[in-house]
Amino acid sequence: MSLAPETFDELREIAARYPQARSGLLPMLHLVQSVEGRVTPEGIQACADVLGLTPAEVSGVATFYTMYKRHPVGKHHVGVCTNTLCAVMGGDEIFACLREKLEVGNDETTADGSITLEHIECNAACDYAPVVMVNWEFFDNQTPESALQLVEDLREGREVVASRGARITSWREAERVLAGFEDGLVDEGPASGEASQAGLRLAKDNDWKAPEA
Amino acid sequence: MTDTLTPVLTANWADERAWTLSAYAATGGYEALDIALGMAPEDVQTAVKDSGLRGRGGAGFPTGVKWGFLPPADPENPKPRYLVVNADESEPGTCKDIPLMMASPHTLVEGVIISSYAIRAERAFIYVRGEVLHVIRRLQAAVREAYEAGHLGTNIHGSGYDLELVVHAGAGAYICGEETALLDSLEGRRGQPRLRPPFPAVAGLYASPTVINNAESIASVPAIVKNGASWFAGMGTEKSAGVGIFSLSGHVKKPGQYEAPLGITLRKLIELAGGVREGHELKFWTPGGSSTPLFTQEHLDVPLDFEGVAAAGSMLGTRALQIFDDSVCVVRAVLRWTEFYKHESCGKCTPCREGTWWLVQVLERLEKGDGKPEDLDLLLDQCDNILGRSFCALGDGATSPITSSIKYFRDEYLAHLEQGGCPFDPAASTAWAESK
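Quick caveat, the model's predicted, so the values are computed rather than measured.

K.L.:
Sorry, what's going on with the nonpolar core here?
P.N.:
Side chains of nonpolar character tend, in soluble globular proteins, to be buried together. With 170 residues, the main nonpolar core has Leu108 and Val112 of chain B as its most contacted residues. If sequence neighbours within four positions are ignored, leucine 108 of chain B has contacts with Val85, Met101, Ile126, Leu139, Ala215, Ile218 and Ala219 of chain B. The next biggest cluster of nonpolar side chains, apart from the first, holds 29 residues, and it includes Leu202 of chain A together with Ala273, Val302 and Leu321 of chain B.

K.L.:
Explain the sheet that holds strand 7 (residues 282-286) of chain B to me, please; I cannot follow it from the model alone.
P.N.:
Strands pair in a sheet through their backbones, by hydrogen bonds, and they do so in one of two ways: parallel or antiparallel. Residues and elements named next belong to chain B. In space, the 5 strands of this open sheet follow the order 6-5-9-7-8, with mixed pairing throughout. The outermost strands of the open sheet, each flanked by one partner alone, are strand 6 (256-261) and strand 8 (295-296). The sheet contact formed by strand 7 and strand 9 (residues 320-325) spans 4 bridges and is antiparallel. In the sheet register, tryptophan 285 faces strand 9, and the bridge partner there is isoleucine 323.

K.L.:
Help me out: how do you make sense of the domain arrangement of chain A in this one?
P.N.:
Frequently, the measure chosen for interface size is the accessible area removed from exposure when the parts meet. Along its sequence, chain A is carved into domain 1 (5-62) and domain 2 (76-169). Here the C-alpha centroids of domain 1 of chain A and domain 2 of chain A sit 29 Å apart.

K.L.:
Could you clarify how one ought to interpret the interface of chain A and chain B in this entry?
P.N.:
In this assembly, 79 residues from chain A lie in contact with 90 residues from chain B. Here chain A packs against chain B, burying approximately 6,800 Å² in sum over the two surfaces, 60% of which is carbon and sulfur. Three residues stand out in chain A for area buried against chain B, namely Phe64, Val88 and Trp208 of chain A, and they jointly supply 10% of the buried area on that side. Where chain A meets chain B, there are 6 salt bridges. In this structure, aspartate 187 of chain A and arginine 17 of chain B form a salt bridge, with 3.6 Å as the shortest nitrogen-oxygen distance. At the junction of chain A with chain B, the criterion picks out 39 residue pairs in polar contact (both at pLDDT 80 or more). At the level of elements, helix 2 (25-36), helix 4 (55-62), helix 5 (84-102), strand 5 (137-139), helix 6 (144-156), helix 7 (171-178) and helix 8 (198-206) of chain A are the ones that each hand at least two residues to the side of chain A that touches chain B. It is helix 5 of chain A that contributes the most residues to the side of chain A that touches chain B, 9 residues altogether. Of the residues belonging to the side of chain A that touches chain B, the class tally is 42 nonpolar, 21 polar and 16 charged.

K.L.:
What should I look at first to understand the side chain of threonine 210 of chain B in this one?
P.N.:
All names here are of chain B. Secondary-structure assignment places threonine 210 in strand 4 (residues 210-214). When its relative accessible area of 2% is taken as the criterion, threonine 210 is described as buried. At 2.8 Å, the side chain of threonine 210 forms a polar contact with the backbone nitrogen of leucine 205. Among the polar contacts listed, one links the side chain of threonine 210 to the backbone oxygen of serine 208, at a separation of 2.8 Å.

K.L.:
Is there a simple way to explain the pattern of salt bridges in this structure?
P.N.:
Any two side chains of opposite charge can pair, given that their charged atoms come close. According to the stated counting rule, one finds 39 salt bridges over all chains in the structure shown. Here aspartate 207 of chain A ties to lysine 209 of chain A by a salt bridge, and the two come within 3.1 Å at their closest N and O atoms. Between aspartate 184 of chain B and arginine 194 of chain B there is a salt bridge, with its nearest N and O atoms 2.6 Å apart. Here the residue aspartate 184 of chain B occupies a position in helix 8 (residues 179-186), and arginine 194 of chain B occupies one in the loop between helix 8 and strand 4, the gap between them amounting to 10 residues. Arginine 194 of chain B matches aspartate 184 of chain B in its accessibility class, with the two residues each being buried. When salt bridges that share partners are traced, they join Asp92 of chain A together with Arg332, Arg336 and Glu339 of chain B into one network.

K.L.:
Hey, could you run me through unusual backbone geometry in this one?
P.N.:
Among all residues save glycine, negative phi is the norm, and among peptide bonds the norm is trans. In the segment running from arginine 196 of chain B into proline 197 of chain B, the intervening peptide bond is cis, with an omega of -5°. Along the polypeptide, proline 197 of chain B turns up in the loop between helix 8 and strand 4. Following proline 197 of chain B, the chain continues into proline 198 of chain B via a peptide bond in cis, with omega recorded as 5°. Tracing the backbone through its elements, the reader meets proline 198 of chain B in the loop between helix 8 and strand 4. Residue asparagine 141 of chain A is not a glycine yet carries a positive backbone phi of 45°. Note that asparagine 141 of chain A resides in the loop between strand 5 and helix 6. Of the residues examined, asparagine 141 of chain A reaches a relative accessible area of 45% and is grouped as partly exposed. Although it is not a glycine, aspartate 207 of chain A sits at a positive phi angle of roughly 55°.

K.L.:
Can you walk me through the sheet that holds strand 1 (residues 76-81) of chain A in this structure?
P.N.:
Residues and elements named next belong to chain A. Pairing in this open sheet of 5 strands is mixed, and the strands run 2-3-1-4-5 from one edge to the other. Strands with a single pairing partner mark the edges of an open sheet, and in this sheet they are strand 2 (108-109) and strand 5. In this sheet, strand 4 (residues 132-134) lies alongside strand 1 in antiparallel orientation, the contact comprising 3 bridges. Pairing of valine 78 across the sheet is with valine 134, part of strand 4.

K.L.:
Quick question: what am I supposed to make of the packing of aromatic side chains here?
P.N.:
The geometry of an aromatic ring pair comes down to the distance between the two centres and the angle between the two planes. A full pass over the atoms with the stated rule returns 16 aromatic pairs over all chains. An angle of 75° between the planes, with centres 5.0 Å apart, marks the rings of phenylalanine 64 of chain A and tyrosine 65 of chain A as edge-to-face. Relative to tyrosine 161 of chain B, the ring of tyrosine 117 of chain B lies with its centre 5.3 Å away and its plane at 75°, an arrangement referred to as edge-to-face. Taken together, the positions of tyrosine 117 of chain B in helix 6 (residues 105-119) and tyrosine 161 of chain B in the loop between helix 7 (133-148) and strand 3 (164-169) put the pair 44 residues apart, joining distant regions of the chain. Against the face of phenylalanine 181 of chain A rests arginine 176 of chain A, its NZ or CZ located 4.5 Å from the ring centre.

About the criteria used
Residues numbered from 1 in each chain as written. Chains lettered and ligands numbered in written order. Predicted model: local features only at pLDDT ≥ 70, side-chain atom pairs only at ≥ 80, totals over all residues. Heavy atoms only, no water. Core = buried A, V, L, I, M, F, W, Y, C linked by side-chain atoms within 4.5 Å. Buried < 20%, exposed > 50% of the residue type's maximum accessible area, 1.4 Å probe, protein only. Contact = heavy atoms within 4.5 Å. Pairing = 2+ DSSP bridges. Helix = DSSP H or I, 4+ residues; strand = E, 2+ residues; numbered from the N terminus. Domains from an automatic or database assignment. Buried area = accessible area lost by both parts, 1.4 Å probe. Salt bridge = Lys/Arg side-chain N within 4 Å of Asp/Glu carboxyl O. Polar contact = N/O pair within 3.5 Å; in protein donor to acceptor, adjacent residues only side chain to side chain. Nonpolar A, V, L, I, M, F, W, Y, C, P; charged D, E, K, R; others polar. Phe/Tyr/Trp six-rings, centres within 6.5 Å; stacked < 30°, edge-to-face > 60°. Lys NZ or Arg CZ within 6 Å of the ring centre and 35° of its normal.

As structure tokens, this is what we get:
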């Protein structure tokens, strides 16, 4: 099935943001994932058509980046950081618990299509280790128990809110934001978490400041 | 004497709705832009150069000097100039740009506008890693608000200066934090590094003159313009001027972001963070992410500035201070980092692409206790064949944890062989180990 005309319009809209259209390819592939649930041959063809590239050229790009998936992703993508610091702080144990509970291996999707589980690399939240990401939203300071509760809530369709972010929508809706289309959730969540403010709080308590100009 | 902590970039992170234009403007946001637009672009460049600001993305190259490498405008061949912000923060342990952009995206946007004006660019891009949805939302909204307020677009504040800014999400590739790989990625290609020269200042994005700076570097520009170069240069050390965000993670009581003058020590920072986890001692740490050689207890008093850390045998990098206590097996830690480099090697250069696979194989058998003592020399030989032999520094970074850990913890590697496996209990190092 070819993509809908509206999707082609949006692909062209992305390409038009740049001095050279090809620069739009990464966000265009994010849009393909939001519409198709993965990078499909039809999505690759559509990007190639819009940019005047061959499907092989587009595939060559799509296969380079970890976030692009060629098999269907579940409603939610759950990423467990197992880079060294998070792994040591408990990320390995969390990942093992989730694998067992969800009965999937790395980068696999549960039988009911609700969750794709993946171990991920450092996601720049080391002061909140161990970190779990749901649809690329932060879930800080996780434990095996909290992570198991998290995936259960996701599977049951309960409302889930990120530690520093918005309420969870779906992986596809997240991909649409990455393609550059706002979803209106920007004002949810805090400016920062507790660890982000650790130095700031100490400075206030001690009346430490940068010197006056 | 400057205070111990000096919140500048982090100062508004706890403010109510700090990410909005109204909150940012209420604390003097976008005042620096008016000051800059009242100056000649060259004078803004000079201010940044005189401030002593050095790249906050790891390499520490002087930002103003980098700007000065752009070739003079050539009327015969008027190529556009570009500013590209590297917000791909992916170096393991590094977690400063992401909270900055989540809490105060307008600090970065204002920095982009001033910096673009200084280098006479009419197009700018923020390349942010794709795996941070809420940060991307905040950046998108900040750019939209800045357009609506006339801080971006045509004839900014009536100055006659025009600037377009696009927020561009990446798609999961550590290598895109390398500036030339980032440019290829931003051009819609596989993110693979380019051979230099030509440097991006001469032939960068679309083969046009391009400046690429880290997000924290660019976010530092408004405060420098507003408070003056000497204000910034008056903090930190002589050659490592100003303040920077130090990110403490791991086995300290209060991990988090601590903004301080460059030159502070880890001993001081750990004290501020409440000490190492109860009942344990510091074992090893990274001064600037996993690509910087490990330090140990003996380096607690090394001044954390570019010169001090280099003199002690490592690199200041991104000030990503990952703290590991005595419950952690250094071989396990190093193997995991090495697996990361293997996964993230872009495949362009043979020593890195093949070498990181060999490193993982040897480390795996050592960790399992299946290796031989000669494997340690084999690892060092492999590192020797990777270091300095590729286009970019990814392969170099992969060797840092290995060579430094063998230097300081050779006996621990050998203990794995003697005991036929890892002598450590991984459960003892978890965040919840104490409570169980």
